[in-house]
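Tertiary structure, described
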Amino acid sequence: MLTTIIYRSHLHEHVSLKMLEEMVAAANIKNGQASVTGILLFNGTHFFQLLEGPEERVDAIYQAICADTRHYNLVELLRDYAPLRRFGKTGMELFDLRNYDREAVLQTVFDKGTTRYQLTYGDRALQFFQTFVEDGAKEYYYEIPPADAWEFVVEGTAVALPSAVFDTPSDYRFAFQPIVDPFAREIVAVEALLRTRDGGSAQTWFEQQGGEDIYRADLHSKKVAFAMAAALKIGPQTLSVNLLPMTLIKVANAVEFIVQAIKENGLVPEQVIVEFVESEVISHLAEFTQAVKLLKGAGIRVAIDHFGEGYGGLVLLTQFQPDRIKINRALIADVHKSGSRQAVVQAIIKCCISLEIAISAVGIEKAEEWMWLESAGISQFQGYLFARPDLQGIPPVAWPEKRDERV
Ligand SMILES: Cc1cc2nc3c(=O)[nH]c(=O)nc-3n(C[C@H](O)[C@H](O)[C@H](O)COP(=O)(O)O)c2cc1C
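All values derive from a computational prediction rather than experimental measurement.

**Observations regarding the site of the ligand**
Taken together, 15 residues sit near the ligand, with Lys30, Asn31, Gln49, Asp68 and Arg70 positioned nearest. The side chain of Lys30 places a nitrogen or oxygen atom 2.8 Å from an oxygen atom of the ligand. Take Asn31: an N or O atom from its side chain is 2.6 Å from a nitrogen atom of the ligand. The set of elements that each furnish at least two residues to the shell around the ligand consists of helix 1 (17-33), strand 3 (46-54) and helix 2 (55-66). Top contributing element to the shell around the ligand by residue count: helix 1, with four residues. Residue classes in the shell around the ligand are distributed as nine nonpolar, three polar and three charged.

Next comes the structure, spelled out in structure tokens:
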């Protein structure tokens, strides 16, 4: 299968034009041997390369290119399949856009092409060329520093649950994880995550409950979450808890129960955020929005968790606007390397800005993911990079510090 990959990247400043030419000569031979063809555009700062050929061969060369330290901030823009090569004449050719007249440059690039129909019929790959040559998407290039520019330094100590609370006889526990604003060095909320007694996932615990009982069990577990938060002395800190959307619908007086449990533990409804998973919300939207009115009426804020992973996606925001959405790892893993993830996350951010919906990113594991998302406008994060969920209490946070600023 003829595969096409397009990426863009940033030239490392230590690389001279001569080094570049030598690299291109070697690459040309290597690509030729692998039956891979393509073109490499360069505008003085950025590269834009198209590679075409048999899938495994293109992939192998692309992996080597990704690991090359002569460039950085490499973002994959397109991975597609085509009947014919668009630039099939040479293994690899460097095309320096600076040597050409602005008006004629795009046509000159296309003249190097070998395709007959794709230009006529709005081919995505060639559209990417046009945008790059015309400097079209530059505002979306976030130039992030390398991962090792930051050091993550744990500050403070864990807040441990008193043993009397930790040793609860129930078959579940809660793990606590901070949600942080790293630049403000602030813990903006703490989430109580349901776990089995030995630390298994909430899903495992729900699977152990039978039928309709899961909703009642889900609701009652919140009472324990609030009691634990009180035992952890969270004070006025915001607390996030999760609830199955159907719990609000199926269990009579669920909201009254929650409000009562909040108050019994010396907390106030305004400091609580209840998180729901999007996919289940969508399937019972009318009943759900009705039930949410009661929560909002009591002063409790509402968040949609795993936003964008369900079937509703953006259409949900036209029908129901939560106070906050949480974008999960499925959308943001390696976001710094993926043009498609970047485009989707940017669209979500834009919607949330227009609707004044707060946004946070969850499941952050890499410094580059965090930095890219900060550049895109997100400031609240949750993930192993900062703190893992802890069954014993609230863990301390590893805050980012710029390496050269620490000396
Ligand atoms: C912008 C850029 C484009 C590159 N394009 C290719 C290419 O098309 N083919 C290739 O074999 N190497 C290319 N390289 C070089 C590879 O990263 C790598 O150095 C080369 O494949 C040699 O790998 P090897 O030492 O594992 O054989 C490129 C490097 C850069 C910085």
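**Things to note about helix 1**
Two residues of an α-helix separated by three or four positions point the same way, owing to the 3.6 residues in each turn. Over its 17 residues, helix 1 extends 25 Å from the first C-alpha to the last, a length consistent with the 24 Å expected when each residue adds 1.5 Å. Residues Leu20, Val24, Ala27 and Asn31 constitute the buried set of helix 1. Projected onto a plane normal to the axis of helix 1, the buried residues spread over an arc of 70 degrees and lie on a single side. Turned more than 90 degrees off the buried face of helix 1, the exposed positions are Lys18, Ile29 and Gln33. Tucked inside the fold, the buried residues of helix 1 contact strand 1 (2-11), strand 2 (37-42), strand 3, helix 2 and strand 5 (94-96). The positive-phi residue at the C-terminal boundary of helix 1 is Ser35, with phi of around 60 degrees.

**Digging into the nonpolar core**
In this structure, Leu248, Phe276 and Leu373 are the most contacted members of the largest nonpolar core, which totals 81 residues. For this core, the element with the most residues is helix 7 (residues 213-231), which contributes nine residues. Ignoring sequence-local partners within four residues, the contact set of Phe276 consists of Leu243, Leu244, Pro245, Leu248, Val281, Phe288, Val292, Leu295, Val302, Ala303, Ile304 and Asp305. Within the second largest apolar cluster, 21 residues are counted, among which are Leu41, Leu50, Phe95 and Val105.

**Here we look at the domain arrangement of the protein chain**
Domain boundaries assigned for the protein chain yield domain 1 (2-140) and domain 2 (147-406). Look at where the C-alpha atoms of domain 1 and domain 2 centre, and you get two points 41 Å apart. Facing six residues of domain 1, the contacting portion of domain 2 comprises seven residues. Approximately 400 Å² of surface area, both sides summed, lies buried where domain 1 meets domain 2, with 41% of it carried by carbon and sulfur atoms. Taken as a group, Val75, Glu76 and Tyr140 account for 73% of the area that domain 1 buries against domain 2, more than any other trio of residues on that side. For the pair domain 1 and domain 2, the interface holds zero salt bridges. Taken together, domain 1 and domain 2 are joined by two residue pairs in polar contact (both at pLDDT 80 or more).

**Some points on the pattern of salt bridges**
Per the stated rule, a full pass over the model turns up 19 salt bridges. Of the charged contacts in the structure, one is a salt bridge between Glu401 and Arg185, with a shortest N-O distance of 3.7 Å. With Glu401 in strand 17 (residues 397-402) and Arg185 in the loop between strand 8 (172-181) and strand 9 (186-196), this residue pair connects regions lying 216 residues apart in the sequence. In this structure Glu401 comes out as partly exposed when scored by relative accessible area, which is 21%. Among the ionic pairs, Lys223 bridges to Glu264, the shortest N-O distance being 3.9 Å.

**Considerations on the pairing of strand 10 (residues 239-242)**
Of the pairings in the sheet, the one linking strand 9 to strand 10 comprises three bridges and is parallel in character. The residue of strand 10 that forms the bridge with Glu191 is Ser240. The pairing of strand 10 with strand 11 (residues 272-277) spans four bridges and is parallel. In the strand pairing of strand 11, Ser240 is matched with Ile273.

What counts and what doesn't
Residues numbered from 1 in each chain as written. Predicted model: local features only at pLDDT ≥ 70, side-chain atom pairs only at ≥ 80, totals over all residues. Heavy atoms only, no water. Near = heavy atom within 4 Å. Polar contact = N/O pair within 3.5 Å; in protein donor to acceptor, adjacent residues only side chain to side chain. Helix = DSSP H or I, 4+ residues; strand = E, 2+ residues; numbered from the N terminus. Nonpolar A, V, L, I, M, F, W, Y, C, P; charged D, E, K, R; others polar. Expected span 1.5 Å × (residues − 1). Buried < 20%, exposed > 50% of the residue type's maximum accessible area, 1.4 Å probe, protein only. Arc of directions from axis to C-beta. Contact = heavy atoms within 4.5 Å. Core = buried A, V, L, I, M, F, W, Y, C linked by side-chain atoms within 4.5 Å. Domains from an automatic or database assignment. Buried area = accessible area lost by both parts, 1.4 Å probe. Salt bridge = Lys/Arg side-chain N within 4 Å of Asp/Glu carboxyl O. Pairing = 2+ DSSP bridges.

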